[in-house]
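Observations on the model geometry
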Amino acid sequence: MRELPKTNQLKNLRAIIQHGSIRTAAQALHQTQPAMTRSIQELERILGVPLLVRGVHGAELTTMGRIFEPRMNLVLNELERALDELEQIGRDSEGLVTFGCSHLPAFTFIPDVIKSFQEIYTSARITVAEGQLSELLASLRLGRLDFFIGIVTPDISLREFVDEHLAVSQFAVFARKGHPLSNSTSLSELSGAKWYLPTASAGFYNDIETLIFPNGKEPTCSVIFGNSATIAEQLILNEDYLFVGPKVMVTIPHLQHKLSIIPIKEKLPDGYYSLIYRRQQPLTPIAKRLMDDIRLAYTELMSRQIV
């Protein structure tokens, strides 16, 4: 049987990649630099390829190292999550959940879901990454995220994932109440406005951008791309930026008296929201419980959807 790398060797390589040098990685892991160097040399011997070279910015991955890195991260992430799952079985209220969500969940029910969840599971550690599926898919594939809730589109392949459909949401263009362009009736009247759009290299919002700017952006147009619901809210309400989002956003209590839908004649594509998680790797018990709460909250939100 072929010799396999040791876990500590993989963790040492990951630390060097994260910190940029063997010296800094050794300090972070409380090892000596010679011991760290020997560990990497032994790993390279087992694999039969060089993984690191000394570059102008410190230790850099070779071509073989770049090929090896994502598989290595997947192995370490799965092992760490397996240990976490075993600990959760013995300690029902503890554990780590890391998930991604797009703007609608972040704007609406996710904060309340997390608050209620942690009142019950007081020792649970929850990490949320805001963004679109195109930007978070790699992290989901590598096991850095337990699941994702947001918009799915046919152009993004999800063959290795469970795609659990939740709802279809109608979309609109939003502005603050009293915005000078609030009564516009076509996208052409808005092409020179200021826009805040989610970052997306593919999928739904990439298509939306093409729809808004079919002939490119006008010189007077300002577009900020980002994945922060907080920044989006500030730019829309205080800086007169326009935003594309689900119509149900105008039912959110703290926004319903501040936002208005611009009555454009063009129909925007609907957003198909799903829960996405890996097919082959089981979720931890704590992640399953949080997903159950998200399903219930999302169903309640969609019951308020307006036509």
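Residues numbered from 1 in each chain as written. Predicted model: local features only at pLDDT ≥ 70, side-chain atom pairs only at ≥ 80, totals over all residues. Heavy atoms only, no water.

Glancing now at the environment of Glu-42. Its place among the elements puts Glu-42 in helix α3 (residues 33-47). In contact with Glu-42, other than residues within four places in its own chain, are Glu-3 and Gln-9. (Helix = DSSP H or I, 4+ residues; strand = E, 2+ residues; numbered from the N terminus. Contact = heavy atoms within 4.5 Å.)

What follows covers the layout of surface pockets. Its volume calculated, the largest pocket comes out at about 270 Å³. Around the largest pocket, the lining comprises 17 residues; the ones closest to its centre are Phe-107, Thr-108, Phe-109, Asp-112 and Ile-252. Class assignment for the residues of the lining of the largest pocket results in ten nonpolar, three polar and four charged. There are two domains that each give the lining of the largest pocket at least three residues, and those are domain 2 (82-165 + 275-304) and domain 3 (168-271). For the lining of the second largest pocket, the element with the most residues is α3, which contributes five residues. (1 Å grid on protein atoms, 1.4 Å probe; cavity = no way out; pocket = protein on both sides within 12 Å on 5 of 7 lines; lining within 4 Å. Points joined across faces, edges and corners; volume = space filled by probe spheres on them. Nonpolar A, V, L, I, M, F, W, Y, C, P; charged D, E, K, R; others polar. Domains from an automatic or database assignment.)

Inspection of every chain in the model, using the stated rule, returns two cavities of 30 Å³ or more. As a volume, the largest cavity reaches approximately 50 Å³. Forming the boundary of the largest cavity are Gln-132, Leu-133, Ser-134, Ile-151, Thr-153, Ile-156, Ala-200, Ala-202, Gly-203, Phe-204 and Tyr-205. Residue assignment for the lining of the largest cavity shows that the elements contributing at least two residues are α7 (133-141) and α8 (204-212). Here the residues of the lining of the largest cavity are counted per class, giving seven nonpolar, four polar and no charged. Lining the lining of the largest cavity are residues from two domains, each supplying at least three of them: domain 2 (82-165 + 275-304) and domain 3 (168-271). Taken as a whole, the second largest cavity encloses approximately 30 Å³ of empty space. If you go around the second largest cavity, the residues you meet are Phe-107, Glu-233, Ile-236, Leu-237, Met-249, Leu-255 and Leu-259. Among the elements that take part in the lining of the second largest cavity, helix α9 (residues 229-238) stands out by supplying three residues, more than any other.

Formed by 68 residues in total, the largest nonpolar core has its most connected members in Phe-99, Val-173, Trp-195 and Val-244. With residues up to four places along the chain from it excluded, the contact list for Val-244 reads Phe-171, Ala-172, Val-173, Trp-195, Leu-197, Tyr-205, Ile-208, Ile-212 and Leu-268. The next biggest cluster of nonpolar side chains, apart from the first, holds 16 residues, and it includes Ile-16, Leu-51, Met-72 and Leu-76. (Core = buried A, V, L, I, M, F, W, Y, C linked by side-chain atoms within 4.5 Å. Buried < 20%, exposed > 50% of the residue type's maximum accessible area, 1.4 Å probe, protein only.)

Turning our eyes to something else, we now look at the UniProt feature "domain: HTH lysR-type" (unreviewed entry) in the chain. Under the present numbering, the feature "domain: HTH lysR-type" (unreviewed entry) in UniProt falls on residues 5-62. In residues 5-62, the share of helix is 60% and the share of strand is 14%. The end C-alpha atoms are 18 Å apart. (UniProt positions renumbered as here; feature names shortened; annotations may be inferred.)

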